[in-house]
Amino acid sequence: MTTSVTSSLRPGAASPAPFGRVITAMITPFAADGSVDLALAARLASHLVDHGSDGLVLCGTTGESPTLSWDEQHQLFSAVKAAVGGRAKVLAGTGSNCTAEAVEAIGEAAALGADGALVVVPYYNKPPQEGLEAHFRAVAQAAPQTPLMLYNIPGRTGCSLSPETTARLMDLPNVVSFKAASGTTEEVSALRALCGERLAIYSGDDALTLPMLAVGAVGVVSVASHVAGDQIQRMVQAFMAGDLSTALALHEQLLPLCKALFCTTNPIPVKAALELTGWSVGAPRLPLVSASSDVRDRLNSVLAALRPT
């Protein structure tokens, strides 16, 4: 028997989802010589869009942006945009802990035709909330026609963008979404209370997608969608349709994969998972390393347990 959820208990169903429900934070494939494999990136992007992804984020943490040159990032974006533009939203990761660099990056992304930009909280230098507000204002005003997804991931950046600061940024028309990766659903509730439904909140943690949907998120920026995009899309759509029992069953089916993909530093496991499913995307660039045999064995096990799509 199907369990339904009333519309009042699924506020995400009525909220805007400017980049779709499932956005893949795409890895960057490397050739044998260590260069970016643009042709493979285009094929992978098309495959992801064919299997559950409404959008793609390029050159984020999962895409190993710290080790990509600006030229590599621009070429990668152009190749993927040419492959899937018109079928999916393509967002560029344009964050930096230097405001001037982030401003330059979003200007270039806008010039290349990005459908949006993922802008992470400045990392390492740990600015106060006043500095974070000034940083995001400068980035938003540098490309006012480019929709922004603010990205809060304090575990990597060393500081957190507060819901109160986010609310002050809502006077900027192109601040439209927020990737919540603090590891708690409370962040979603606080953002909704202060910012309303105009701010589309995306889960930044695959394992928390269903709980975050339950408190008002509209979708997920996913790593697991590289290998389980169809299932993730079905889970989100089931929840939005009020079919909670199906959504919960899919969540439970996907949870071992979500945990395995973060058993060591992302994107080490997801690159290994892609290799195990036939995608020769290359090893991560140093200082990241290839997955250990233990990690690969764990991934093999959880991938084998997934039901066919």
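Residues numbered from 1 in each chain as written. Predicted model: local features only at pLDDT ≥ 70, side-chain atom pairs only at ≥ 80, totals over all residues. Heavy atoms only, no water.

**Structural notes on the sheet that holds strand β2 (residues 55–58)**
Okay, so step 1: Strand order in this closed barrel of 8 strands is β1-β2-β3-β4-β5-β6-β7-β8, and the pairing throughout is parallel. Strand-to-strand twist across the sheet, computed as the mean angle between neighbouring axes with direction ignored, equals 25°.
Okay, so step 2: Bridge count for strand β1 (residues 22–25) against β2 is 3 bridges, and the pairing is parallel. Bridge pairing in β2 places A25 opposite V57.
Okay, so step 3: Packing of helix α4 (residues 129–142) onto the sheet brings it into contact with β4 (116–120), β5 (148–152) and β6 (175–180), and relative to β4 it is tilted by some 160°. (Pairing = 2+ DSSP bridges. Helix = DSSP H or I, 4+ residues; strand = E, 2+ residues; numbered from the N terminus. Axes fitted to C-alpha atoms, helices over the stretch in contact; angles between N-to-C directions. Contact = heavy atoms within 4.5 Å.)

**Focus on helix α12 (residues 293–305)**
Okay, so step 1: Along its 13 residues, α12 runs 19 Å from first to last C-alpha, staying within 8% of the 18 Å computed at 1.5 Å per residue.
Okay, so step 2: Taken together, the buried positions of α12 are occupied by V295, L299, V302 and L303. Along α12, the residues classed as buried sweep out an arc of 100° about the axis, all on the same side. For α12, exposure combined with an orientation more than 90 degrees from the buried face picks out S293, D294, D297, A304 and A305. (Expected span 1.5 Å × (residues − 1). Buried < 20%, exposed > 50% of the residue type's maximum accessible area, 1.4 Å probe, protein only. Arc of directions from axis to C-beta.)

**Structural notes on helix α9 (residues 225–240)**
Quick reminder: α-helices carry 3.6 residues per turn. Residues three or four places apart thus point the same way.
Okay, so step 1: The end-to-end C-alpha distance of α9 is 18 Å, clearly below the 22 Å that 16 residues give at a rise of 1.5 Å each.
Okay, so step 2: Within α9, the axis deviates most sharply at Q231, by approximately 40°.
Okay, so step 3: In terms of residue burial, α9 counts as a mostly covered element, since 13 of its 16 residues are buried.
Okay, so step 4: Note on α9: the residue one or two positions beyond its end, G242, has a positive phi of about 90°. (Bend = angle between axes of the 7 residues up to and from the residue.)

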